[in-house]
Structure formats: C-alpha cells, structure tokens
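Residue-level structure breakdown
Next come the chains, spelled out residue by residue.
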Amino acid sequence: MTRFPFHETDPEAEAVARPRQTGPHAPAPDVAAVAPGPELAELLTLIDPADVSDADLVELVDAAVRQAAWAHACAARYTALLDRRASMHPVLGRGRIPEGEKTVTPEEVAMRLAWSRRQGRRLLRQGLAFDRDLGDTGAALARGQIDATRAGVLVDRLAGLPVPVTLDVQEAVLPAAPGRTATQLAADVDRALITVDPAEAAARRQHARTRRCVERPRPLPDGMARLTAVLAAPDATRIHTTLDAAARTARAAGDPRTVDQLRADGLTDLVLHRACAVALPTVTASGDVAAGPGGAGSAFAVPDAGLPGYATPASAVPASAVPASAPPDADDAAAPHAVLVDGVVLAGVTAADVEHPGDLADETCHSRRRRPTTTVHVTVPFSTLMGVDDRPGELAGYGPVDAATARALAVGGVWRRLVTDPLSGSLLDLGRTRYRPTAALDEHVRTRDRTCVRPGCSAPARCCDVDHTREYHRQPGQPAQPGQAGADASPLGTTSADNLGLLCRRDHLLKTTGGFRLTQVEPGRFRWVTPTGQVYTVEPGRDPAPPPGWSPRQDERFGPPPF
C-alpha cells in the first residue's frame, strides 16, 4: 500500500524539485528547503511576516501552498482508507446502482465537511487513484511539487483508463507538471493520451459524449448565476463562435453593450425565443397614459401563459405610487409606471423593472416562435411585497435574491398563499388514511423545506421526493421498537407535515437502505445519524439567524446602503 503522505521512500524527497526564481535575498529561515509536513507547519507559525523581505514573503506563500497540497494528499488518503470499511458499502436497494455510487463514503465525508456530494466523490476518486495507478501523482502532491488542482487534472483525465495507458501518460507529463498551469497540464495530458493510445481515442471521445449535460445554475453574488454546459468540443466552439460573431456585429453597429453582455443576451434570447422587443406603456409626468401592446393603461403585456388579471389600469394606481421625476413639458418624458398585482402595489417596482417585457411580440412580428411555457418559483415575504421591509426573497433552484428582484419576479406570476395554517384551512395531518399527501400538503412541505434535507444537498424542491421520515409501510426485515412485542409492534409513520420531508433520489436511497438514520425532531427540523455515528441536525427551510445584536453597518460618510 502506498503511504505517500506519511512515509516517503524517495531519498531525494526532501529537496522539492520545482522551478523557483533566484534572487539576492534568501528566505530566513529557508522554508523552500523544508518538505511539507509537521515541520514546515511549525516553521510557518514561528515566522513573523513583518520581519521578512518581499522575496521572502513570496517564498512563504509558496511554502503555505505546498503545505496545503500535503494536507490535501492526507485527506484523500484518509478518505480512501475509510472507503475500505464495510460500513461504507451497504446494499443500496434492489435496483441497478452505478459502480461509482455503491459506496456512501462521499456522503459520509461531505456531511462532516459541509461539502457537496460532488466534492466528496472527487476527494474519494483522487484518494483511490493515488493508492493505485496514480501513486506518483499522489507522491508529487504530498511533496508539494504540484497542488490539488493539477493533481485533480491528472485524476479526472486518467482514472479508469487501462493501467499501461495511465502509467505511460503520467510518466510523460508529470516531470514538467510543477511548471505548468492547470490548463496547460490538461492540454499536455490530452496530447499524450492521443500519442500513447491513438486507437482508443475515438472510443474515449464517444464515451465522453454520453456525459454531455447542462448543469443547474450555480449562484454568484448580486443576483447572478453561472450556467455550465458540457458539450462536444466542436459544438461548444461553434456555439461560442456564433454568439461572438453576432455580438461583434451588433457592437460594430453601435449597440452600447459590451461584447460579453451581447454574447450573454444573445444566448438568453435564442433559448427563450425572445426575438422581438415590445415597448412598455408609459405614464407621463402629467398623468397621461401612453398605450402599449397590452392596451391603454396596462402595466405590461401579460405573458402567453393564459394568466388573467395582471394588466393594471392606470386608474387603479394610487397617485403616490407614480413618481413624477420628469419635467411636465418634456416631450416623451415618462415616469416609471407603478405595478399592481392582485390589487397590491409592489413597492419600488416599476414597469421598467420587469426584466423581459418582450415575451409577447406585437402583431407585426412574424419571426417570433412560441416560447415553451416555463415556471419559476419565487417565495417573497408579504411584508416585502408591501414595501414594509426589504427582506430577501428565495428563487427556487438559485437561492436568496434582493427585495427589488423578488418584487419584479412576482410581476405577472400566479400568486398563491403559502401559509398553510388556519388562514388557508389546509389539512396538514392525514393520519394513516392515505399514503400520498394531498396537493396542499405536498406544496406545504416543498415550500417549507425548499431543498433536500440531507446536510449539504442543494437539490431543489421540484427535484425531490416527499418522503415519510418514519416509514409509512414496514420495510422488509424492519425490527420492532425496543420494548415492544412482535414484529408488527413498531409504530409506523403518518402522512403529516411533521413526518414528511424532501429527499432527492440518491439521499432517499441512503436513508432507506444506506445505513443513514433520519428523524424529524419537529416539523422541518431533521436529525441525521451516519453509518459512522456522526450526528447532524439541520433545518433546510430556515436561513441561519445573524448573531444577537447584529445589524448592518452604516458608514456616516456614505449614508445608508447602497450608499
């Protein structure tokens, strides 16, 4: 068994073979000469950065990164050792489970580290590879010659290939890897793969095409998200080239948007079929309403989902809700039109805030294709809609959005009271009269939990099963509760809000047959016990509360946010 993070057998391992700049200053002490591990960790804690030169600080950065690489190698090895334990390999159901998903090690580790399942799987895959064909890569990582990112490039591209191919490619690219960026190293590996095994290159390409996908949006700051598509290289290149050519043409024609913005907007318009823009109606400073495509006095054109009652006459808008910022005698001057939905003025939202008013083309637009009906769920506190406060809303599948965005998303949508209590009269406990929850109870649970209830899982509610926390039906071989007689004495669960929770398919399997135990301490609050005995309590539908006494700082120089 390779013991790369702990017992190094290479007599030259103490000298870290990596390119480094030479200069007039030598670090004091010389951290570059110390291999990563406990000794280097202790040395780094003893050095005062204020007492070293600029060149020495660069060496300290390098030493810290090498130390992090050693720690990552240790973590990967520990994960691989954990995967050898029998508790990590339960019999997961009776269906066909992919080979890489028969172990629960990634979930065990991910829950402990507050990682995603993908991160846990990646760490296990690296640990297994370092313990097998890619032992030299693991050793280079443990010595700090390469970092975790570059080691991951080698694992992602070589793990699972025939052993001779893996060893040949590793031998070809690893010596130069310390001086290559991750992107350059990836190209080196791909080039070496074609050279070493040209006969199988086409088969690998066809297999890789089976993994093409579009991933769920990944949240970015300030209401943005990253949408990633994994495509065949020629298709991805053609798509980008097409978007780029169109963007540069529009830019040359005088469009004020940047090329990046034009490419993004072009992709959005192509997918959502928003080819024709529609002018919004306006309200002049004198109070006159200019008719728009939705008719005189409409706040906006209602999307083609057949939703009635959302075009608001100007007469229904309180005068206080219509800003009068434009001069009365200005031609074409217009103040933003206030928006009402179900008779409620959306505070701070105007027709200009409706992100894409052109979803309906006018009668003269013949090129527009019918847009497929899509549904976006946003949960907004009623007090935020009324303008009483600016609490964030929740965009399903994304996360928190600011109050203004939440109000704008509410425009034109189907409003539904989601307070499932005596106000709505919905029944939250069906006892054991039926297995499947009613539509109202189903919606209550999905709205309450928002995501899968396993710690670290962000699968949105729409992708999850509504699961009975305490089984409704007795499972094969399920024992009775301690102290109760008979195999049928164990109490079974009810179809009620305090016994229902959201689980994605994978975590539903873990809970049922994977050795993970789940209880619902109170409605919406869940306690997990993993196969190793770790205990986690989560409340996925409740955001963490700020510390007691916390409030946003307001700098007197700039005034209240957003300054």
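Source: prediction; values computed, not measured.

**Let's talk about the overall build of the chain**
Looking only at helices and strands, the chain features 15 helices and 16 strands. The burial tally for the chain puts 36% of its 563 residues in the buried class. Counting contacts in the chain only where the partners sit at least 6 residues apart, residues at least 24 apart contribute 58% of the total. As presented, the chain carries roughly 32800 Å² of accessible surface, and 55% of it is formed by carbon and sulfur atoms.

**Points about unusual backbone geometry**
In this model, Asp222 sits at a positive phi of 60°, which is unusual for a non-glycine residue. Mapped onto the fold, Asp222 is located in the loop between strand E2 (218-220) and strand E3 (224-226). For Asp222, a relative accessible area of 74% translates into the label exposed. The backbone phi angle of Arg450 is positive, close to 70°, even though this residue is not glycine. Tracing the sequence through the fold places Arg450 in the loop between helix H14 (439-449) and strand E12 (465-468).

**Remarks on helix H10 (residues 233-252)**
With 20 residues, H10 should cover 28 Å at 1.5 Å per step; its first-to-last C-alpha distance of 28 Å lies within 8% of that length. When H10 is considered as a whole, its buried residues turn out to be Leu243, Asp244 and Ala247. Down the axis of H10, the buried set is contained in an arc of 100°. They therefore lie on one face. Opposite its buried face, H10 presents the exposed residues Arg238, Thr242, Thr249 and Ala252, each directed more than 90 degrees away.

**Digging into the packing of aromatic side chains**
On inspection of all chains with the given rule, the structure shows 1 aromatic pair. When the ring of Phe516 is compared with that of Trp528, the centres are 6.4 Å apart and the planes differ by 75°; the resulting orientation is edge-to-face. With a gap of 12 residues between them, Phe516 in the loop between helix H15 (505-513) and strand E14 (517-522) and Trp528 in strand E15 (residues 525-529) connect regions that are remote in the sequence.

**Observations regarding the confidence of the model for the chain**
Within the chain, residue pLDDT values average 75, and 66% of them lie at 70 or more. Taken as a whole, residues 481-489 scores under 50 in pLDDT and shows 12 contacts with residues more than four places along the chain or in a different chain.

**Quick notes on the packing of helix H3 (residues 105-113) against helix H4 (residues 117-130)**
The geometry of H3 relative to H4 is characterised by a closest axis approach of 8 Å and an angle of 120° between their N-to-C directions. With respect to each other, H3 and H4 are oriented oblique. Between H3 and H4 the crossing geometry is right-handed. When H3 is examined against H4, the residues Thr105, Pro106, Glu107, Val109 and Ala110 are found in contact with a partner set consisting of Arg117, Gly120, Arg121, Leu123 and Leu124.

**Side note on the sheet that holds strand E10 (residues 393-395)**
Spatial strand order, E9-E10-E11: 3 strands in an open sheet with antiparallel pairing. Each of the sheet's edge strands pairs with one partner strand only, and the pair in question is strand E9 (378-379) and strand E11 (399-401). Pairing geometry for E10 and E11, over 3 bridges, is antiparallel. Counterpart to Glu394 in the pairing with E11 is Pro400. On top of the sheet, helix H13 (residues 403-410) reaches E9, E10 and E11; it is set at about 95° to E11, its chief contact.

**Here's the deal with the pairing of E12**
Side-chain alternation along E12 places Asp465 and Asp467 on one buried face and Val466 and His468 on a second face that is also buried. Alignment of E12 against strand E13 (residues 500-503), held across 4 bridges, turns out to be antiparallel. Bridging across to E13, Asp465 finds its partner in Leu503.

**Looking at the pattern of salt bridges**
Throughout the structure, instances matching the rule amount to 29 salt bridges. Here Asp255 and Arg257 are joined by a salt bridge, their closest N and O atoms 2.8 Å apart.

**Some words on the pairing of strand E16 (residues 535-538)**
Alternating residues of E16 divide into Tyr536 and Val538, all buried, and Val535 and Thr537, none buried. Sheet analysis places E15 next to E16, joined by 4 bridges and oriented antiparallel. Each residue of the ladder has a partner; that of Phe526, found in E16, is Val538. Linking two consecutive strands that pair antiparallel, namely E15 and E16, is a turn of 5 residues; a positive phi of about 95° is found at Gly533 within it.

**Some points on the sheet that holds E14**
On the basis of which strands lie adjacent, the open sheet formed by 3 strands has the order E14-E15-E16 and antiparallel pairing. Two strands lie at the open edges of the sheet, namely E14 and E16, each paired on one side alone. Each strand axis lies, on average, 20° off the axis of its neighbour in the sheet, ignoring direction.

**As for a nonpolar patch on the surface**
Residues Leu267, Leu270, Val271 and Leu272 make up a contiguous nonpolar surface patch of about 340 Å² in total accessible area. On the secondary structure map, Val271 appears in helix H11 (residues 259-272).

**Describing the nonpolar core**
Core analysis: the largest hydrophobic core is formed by 30 residues, its most contacted members being Ile146, Leu154, Leu158, Val169 and Val189. The residues touching Leu158, leaving out its near neighbours within four places in the chain, are Leu134, Thr166, Val169, Gln170, Val189 and Leu193. Residues Leu441, Val466, Cys504 and Trp528 belong to the second largest nonpolar core, which totals 26 residues.

**Thoughts on the side chain of Thr137**
Secondary-structure assignment places Thr137 in helix H5 (residues 135-142). A polar contact is formed between the side chain of Thr137 and the side chain of Gln170, at a distance of 2.7 Å.

**Considering H15**
Every buried residue belonging to H15 is among Arg506, Asp507, Leu510 and Lys511, and all of these are buried. With its buried residues spanning 135° around the axis, H15 presents them on a single face. For H15, the elements touching its buried residues are H3, H4, E12, E13, E14 and E15. Directly after H15, the chain includes Gly515, whose backbone phi takes a positive value near 90°.

Thresholds, definitions, all that
- Residues numbered from 1 in each chain as written.
- Predicted model: local features only at pLDDT ≥ 70, side-chain atom pairs only at ≥ 80, totals over all residues.
- Heavy atoms only, no water.
- Helix = DSSP H or I, 4+ residues; strand = E, 2+ residues; numbered from the N terminus.
- Buried < 20%, exposed > 50% of the residue type's maximum accessible area, 1.4 Å probe, protein only.
- Contact = heavy atoms within 4.5 Å.
- Areas by Shrake-Rupley, 256 points an atom, 1.4 Å probe, with all protein chains shown as cover.
- Expected span 1.5 Å × (residues − 1).
- Arc of directions from axis to C-beta.
- Phe/Tyr/Trp six-rings, centres within 6.5 Å; stacked < 30°, edge-to-face > 60°.
- pLDDT = per-residue confidence, 0-100.
- Axes fitted to C-alpha atoms, helices over the stretch in contact; angles between N-to-C directions.
- Parallel < 35°, antiparallel > 145°, perpendicular 65-115°, else oblique.
- Left-handed = near helix turned anticlockwise from the far one by under 90°.
- Pairing = 2+ DSSP bridges.
- Salt bridge = Lys/Arg side-chain N within 4 Å of Asp/Glu carboxyl O.
- Patch = residues over 30% accessible without salt bridge, like charges linked within 9 Å, V, L, I, M, F, W, Y side chains within 5 Å.
- Core = buried A, V, L, I, M, F, W, Y, C linked by side-chain atoms within 4.5 Å.
- Polar contact = N/O pair within 3.5 Å; in protein donor to acceptor, adjacent residues only side chain to side chain.

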